[in-house]
Amino acid sequence: MGLSSLDLVLLCVYMLGTVAFGLWMGRGQKSASDYLLGGRDLPWWTLLLSIVATETSTATFLSVPGIAYAAKFGTGDLRFLQLPLGYIVGRTIAAYTLVPMYFRGELFTAYDVLRVRSGPAVRTLASGLFLVTRTLADGLRLYLTAVVLQTMFGWSLPVAVLLTSLGTLAYTVVGGIKAVVWTDVAQFFVYMAGAFAALAVIGGKVDGGIAQIASDAAASGRLRAFDFGLDFSTPYTFWAGLLGGAVLTIGSHGVDQMIVQRYLSARSLRDAQKALLWSGPLVFAQFALFLAIGHGLAAFYAANPPAQPFGKGDAVFADFLVHHLPIGLVGLVLGAVFSAAMSTLSSSLSASAGALVNDFLLPATGHSPDSPFALRAAKLATVLFAGLQIAVGISGLGGGQAVVSQVLAIATVTTGVILGLFVLAARGVAPVASLAGLCGGVAAIGVVVFGLEEWGVKLAWPWHGLVSCGATVAVGSVVGLASGRRG
């Protein structure tokens, strides 16, 4: 079934309405502080929903149901939920140990803390790592959204990627973080409504409905949520989720500029902490919803096999959205898919622009953060990173395993290193020791990612952040002690 005229109109109206809303909410930007930090006056509840919407990308919306759909694409059960358990622990730690650092002085990026405590070289390298990994991860998210357009219209991948990116770029480059946060709030409600609507439709197409889907899942062991085994090659165990997930989220929500930018936009430290603490349970609930959709899809396709077996878990929900939703609802749910994509991509563009301008351009040129140059540079940087994400999206990097796993694996590569640098900064080690720790952390994760499998050893990606953080802290501490300059 192709996309009906009604659905196409609804989708186009939604997309145009989102861009217009973002442009309107972001009007009146007069300085780089307004553009990148919303004048430090955004309500905590908008920041909460923006944090959740930002991390709920198309990779979540499409990939997570695929993980529960079948064991060959993920686990075929609920063990993925062990990961957000670690998220809740990690966010609690980050809220009380890292977030207060951003309210000591007038900081503009997460990495300003490293400049103050470890020197400009450490700040620059940490910010550079953020920019590289953020561009790669969100280019993959862009790719996954473009796959939906390919499925709908048969467009080539480059065309689908380009069109997916342009709407998000329009309101982000004009309205800055204020436009991003307020459109995130609207998009949160849209994609949640779309997910619930899709689950209701799936239940209506399966004999016995949602209750029968749950009963069948329980009878077949698909409701299994915990694995207490110690297999370090398996990503979805309790220990990998609790420890690896905690370290990942301490890094991603404690020292990653894309989320820290929201704390810096808050009215107070207390508001920033509330937004972070409540985001953990909300994300856990979202994951549970998307996994439930995966179980529903398994029941539906068991009774209605696809013409061709699915090659990737990411394709299962996309196929159902385009081919099996009733007319009128397709436009709504596809709008939800694009809401999830646009919320993450717009946040990424704004955060990347802020890091490039404040951590690289302003120190090199000597301009102040509130100068007209800074505002112009931030807007041009937003366009630059949109172009880089488009390049990643059409590169074909997303054609392998589930994109959500690729995205999280990329995040763990450097998030642990940057988190380790913050630990060293808190301990007062000398800048040279922090630089040594950075090199040690990068080398350790390089061995894990590229070397261990050559030796027949596999370490699942949730452990990568723990390894890179531990190596960074260990090497930095040893060098600090050897140099005799530890504070």
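What about unusual backbone geometry?
Notably, Arg40 is not glycine yet its phi reads approximately 55°, a positive angle. Looking at the element boundaries, Arg40 is found in the loop between helix H2 (32-37) and helix H3 (44-55).

Side note on the packing of aromatic side chains
The final tally for this structure, using the stated rule, is 21 aromatic pairs. Pairwise contacts between aromatic rings join Tyr69, Phe300, Tyr301, Phe310 and Phe320 into one cluster.

Structural notes on the environment of Leu83
Among the structural elements, Leu83 can be located in helix H5 (residues 82-97). On the accessibility criterion, Leu83 (2% relative accessible area) is buried. Sequence separation between Leu83 and Ser63 is 20 residues; the distance between their C-alpha atoms is 15 Å.

Considerations on the side chain of Gln286
Topologically, Gln286 is positioned in helix H12 (residues 269-303). If sequence neighbours within four positions are ignored, Gln286 has contacts with Val52, Thr56, Phe188, Tyr191 and Met192.

Observations concerning the packing of helix H8 (residues 157-205) against helix H13 (residues 314-324)
Two numbers describe how H8 lies on H13: the axes approach to 12 Å, and their chain directions differ by 75°. Classified by the interaxial angle, the pair formed by H8 and H13 is roughly perpendicular. Judged by residue contacts, Ala198, Val201, Ile202 and Lys205 of H8 engage Phe317, Phe320, Leu321 and His324 from H13. Of the residues contributing to the contact of H8 with H13, the split by class is six nonpolar, one polar and one charged.

Some details on the side chain of Thr18
Here Thr18 lies in helix H1 (residues 5-25). You can call Thr18 buried: its relative accessible area is 7%.

Topic: the confidence of the model for the protein chain
Taken as a whole, the protein chain shows an average pLDDT of 85; of its residues, 94% reach a score of 70 or greater. The weakest mean pLDDT in the protein chain belongs to helix H16 (residues 403-427) at 77; the strongest belongs to H5 at 95.

Concerning the environment of Gly66
Structurally, Gly66 is set in helix H4 (residues 58-69). Along the primary structure Gly66 and Ile177 are separated by 111 residues, whereas in three dimensions their C-alpha atoms are 32 Å apart. Beyond its immediate chain neighbours, meaning those up to four positions away, Gly66 contacts Phe73 and Gly313.

Overview of a nonpolar patch on the surface
A cluster of nonpolar side chains, contributed by Phe226, Phe228, Leu230, Phe232, Trp239, Leu243 and Leu466, occupies part of the molecular surface with about 690 Å² of accessible area. Take Leu243: it is sitting in helix H10 (residues 238-254).

Quick notes on the nonpolar core
As a rule of thumb, soluble globular proteins bury nonpolar side chains together. Counting 145 residues, the largest nonpolar core has Phe61, Tyr102, Leu321 and Phe422 as the members making the most contacts within it. Ranked by the residues each element gives to this core, the list is headed by H8, at 20 residues. Other than its neighbours up to four places away in sequence, Leu321 contacts Phe61, Leu62, Ala198, Val330, Val333, Leu334 and Val337.

Quick notes on H5
Taking 1.5 Å of rise per residue, 16 residues should cover 22 Å, and H5 covers 23 Å from first to last C-alpha, within 8% of that figure. Among the residues of H5, Gln82, Leu83, Pro84, Gly86, Tyr87, Gly90, Arg91, Ala94 and Ala95 are the ones counted as buried.

Basis of the calculations
- Residues numbered from 1 in each chain as written.
- Predicted model: local features only at pLDDT ≥ 70, side-chain atom pairs only at ≥ 80, totals over all residues.
- Heavy atoms only, no water.
- Helix = DSSP H or I, 4+ residues; strand = E, 2+ residues; numbered from the N terminus.
- Phe/Tyr/Trp six-rings, centres within 6.5 Å; stacked < 30°, edge-to-face > 60°.
- Buried < 20%, exposed > 50% of the residue type's maximum accessible area, 1.4 Å probe, protein only.
- Contact = heavy atoms within 4.5 Å.
- Axes fitted to C-alpha atoms, helices over the stretch in contact; angles between N-to-C directions.
- Parallel < 35°, antiparallel > 145°, perpendicular 65-115°, else oblique.
- Nonpolar A, V, L, I, M, F, W, Y, C, P; charged D, E, K, R; others polar.
- pLDDT = per-residue confidence, 0-100.
- Patch = residues over 30% accessible without salt bridge, like charges linked within 9 Å, V, L, I, M, F, W, Y side chains within 5 Å.
- Areas by Shrake-Rupley, 256 points an atom, 1.4 Å probe, with all protein chains shown as cover.
- Salt bridge = Lys/Arg side-chain N within 4 Å of Asp/Glu carboxyl O.
- Core = buried A, V, L, I, M, F, W, Y, C linked by side-chain atoms within 4.5 Å.
- Expected span 1.5 Å × (residues − 1).

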